[in-house]
Amino acid sequence: RQYQLMTEHGIYEKPDFEELDTLDYKNARIVFQGTEGAYTQLALKQYFGEDAGNSYHVETWRDAMEAIARGDADYAVLPIENSSAGIVSENYDLMVEYGHCIVGEQIIKIEHALLGVPGAKLSDITDVYSHPQALMQCSVFLNDNGLKQISVENTAVAAKRVVKEGDKSQAAIASEIAGQLYGLELLKPSIQNNQGNTTRFVILANRKVYQKAAGKISLCFELPHTSGSLYNMLGNFIFNHVNMIMIESRPIPGKNWEYRFFVDFEGNLNDPAVQNALRGLSEETTRLQILGNYEA
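Quantities reported herein were computed from a predicted structural model and do not represent experimental measurements. (Residues numbered from 1 in each chain as written. Predicted model: local features only at pLDDT ≥ 70, side-chain atom pairs only at ≥ 80, totals over all residues. Heavy atoms only, no water.)

Trainee: Even after reading the chapter, I still don't get the pairing of strand β17 (residues 287-294), so can you show me in this structure?
Mentor: Consecutive side chains of a regular strand alternate in pointing toward one face of the sheet and then the other. Summarising burial for β17: 6 of the 8 residues are buried, a large majority. By the bridge criterion, 7 bridges tie strand β14 (residues 216-222) to β17 in an arrangement that is antiparallel. Bridge pairing links L219 to I290 in β17. (Buried < 20%, exposed > 50% of the residue type's maximum accessible area, 1.4 Å probe, protein only. Helix = DSSP H or I, 4+ residues; strand = E, 2+ residues; numbered from the N terminus. Pairing = 2+ DSSP bridges.)

So this is what it looks like as structure tokens:
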């Protein structure tokens, strides 16, 4: 109630985000990690549609974050969470480090295929290359068939490597589209553990903006290392009737056994209930960072 009264009397510093009617993606420069045929590129094309023509790829997720930090790109597309394998922890940490703003998200269905060189058969395969997340998502098939798992930077990179090696004993886990792009043989479709396997990608920009229609907020916070601190923080959502969608924790670098928490919840930065919850969080956390307000 104290926070409500303070907000009503203007004793509240609204987050430093600019509200826009809509985001203009025309002629936008868009960067993604991987190479042609990567799942991130598929997410990029689904999100940006016809405005995705001016896109390019880089080698690592950090390279993508650097690209928008320097202004070489307007937007970056990064995977953040998979329905089977969980969060992409490195990208959560990079969002905190760089402070870029989430302006959108795209969820796509992930169907992993086992791809080999032309003429290869499933019985020929001994070694399988793919991104660590893809290997985890196909662990049942790989373990049942006794296949050696080798991690590479990206699923499409794995496909390119198998093409380059030209070895019938090697295969890649990637999309069927990547297989067609690089001329690989489809040895086995849909080998993921979960047939409803999906990945959530976020669209990041190097400016703090949100659209009027935005209905989802992502933030992270750090807490005093005391009994009940997380319980008290969650009270700011409960008593303001704000619906929390997700909570995840990551270790704080340099502080053994202390964690920062990532939370997604429904709302817009203009909502009084959201403003009140954020006011409480800002007063009671040791660090609060709003990662973005965007359309779900």
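Continuing now.
Trainee: What should I look at first to understand the environment of F265 in this one?
Mentor: Secondary-structure assignment places F265 in strand β16 (residues 259-266). Given the relative accessible area of 0%, F265 is considered buried. Put simply, F265 and N154 are 111 residues apart on the chain and 30 Å apart in space, counted from C-alpha to C-alpha. Ignoring anything within four residues of it in the chain, the contact list for F265 reads G215, K216, I217, L219, F237, V242, N243, M244, I245, V274 and L278. (Contact = heavy atoms within 4.5 Å.)

Trainee: Help me understand the side chain of R250, please; the structure alone is not making it clear to me.
Mentor: Within the element layout of this structure, R250 appears in strand β15 (residues 244-251). Setting aside residues up to four positions removed in sequence, R250 forms contacts with I87, S89, Y92, D93, E258, Y259, R260 and F262.

Trainee: Sorry, what's going on with the packing of aromatic side chains here?
Mentor: In this description, an aromatic ring pair is defined by two values, namely the gap between the centres and the angle between the planes. Across all of its chains, the model carries 8 aromatic pairs by this definition. When the ring of Y47 is compared with that of F48, the centres are 5.0 Å apart and the planes differ by 75°; the resulting orientation is edge-to-face. Linked through ring pairs, Y25, Y47, F48 and Y75 together constitute an aromatic cluster. (Phe/Tyr/Trp six-rings, centres within 6.5 Å; stacked < 30°, edge-to-face > 60°.)

Trainee: Help me out: how do you make sense of helix α2 (residues 39-48) in this one?
Mentor: For α2, the full list of buried residues reads Y39, T40, Q41, A43, L44 and F48. Count one or two residues on from α2 and you reach G49, which has phi positive near 60°.

Trainee: Looking at this structure, I do not really get the pattern of salt bridges. What am I missing?
Mentor: A side chain of one charge can pair with a side chain of the opposite charge if their charged atoms are brought near each other. Enumeration over the complete set of coordinates arrives at 13 salt bridges. For D93, the salt bridge is made with R250, and the minimal N-O distance between the two is 2.7 Å. Of this pair, D93 sits in helix α4 (residues 89-98) while R250 is found in strand β15, placing the two residues 157 residues apart along the sequence. With a relative accessible area of 23%, D93 lands in the partly exposed category. Taking the relative accessible area as the measure of exposure, R250 reaches 19% and is therefore buried. Here the salt bridges do not stand alone but share partners, grouping E81, E105, R200, K216 and D264 into one network. (Salt bridge = Lys/Arg side-chain N within 4 Å of Asp/Glu carboxyl O.)

Trainee: Would you mind showing me how to read the nonpolar core here?
Mentor: Looking at soluble globular proteins, one finds that nonpolar side chains tend to be buried together. Within the largest apolar cluster, 39 residues are counted, with the highest numbers of intra-cluster contacts made by F48, Y75, V103, F221, F265 and L278. Setting aside residues up to four positions removed in sequence, F48 forms contacts with Y25, I30, Y75, V77 and I203. Counting 26 residues, the second largest nonpolar core, distinct from the first, contains I80, Y98, L204 and M246. (Core = buried A, V, L, I, M, F, W, Y, C linked by side-chain atoms within 4.5 Å.)

Trainee: Honestly, helix α7 (residues 155-165) in this entry has me stumped. Any pointers?
Mentor: One turn of the α-helix equals 3.6 residues, which is why residues spaced by three or four share an orientation. Taken together, the buried positions of α7 are occupied by T155, A156, A158, A159 and V162. Looking straight down α7, one finds that the buried residues subtend no more than 155° of arc, so they occupy a single side. On its buried face, α7 sits against α2, β7 (113-116), β8 (127-130), α5 (132-137), β10 (170-174) and α8 (176-182). Where α7 begins, one side-chain oxygen reaches toward the backbone nitrogen of A156, 2.8 Å away; that side chain belongs to N154. G166 sits one or two positions beyond α7 and adopts a positive phi of about 60°. (Arc of directions from axis to C-beta. Polar contact = N/O pair within 3.5 Å; in protein donor to acceptor, adjacent residues only side chain to side chain.)

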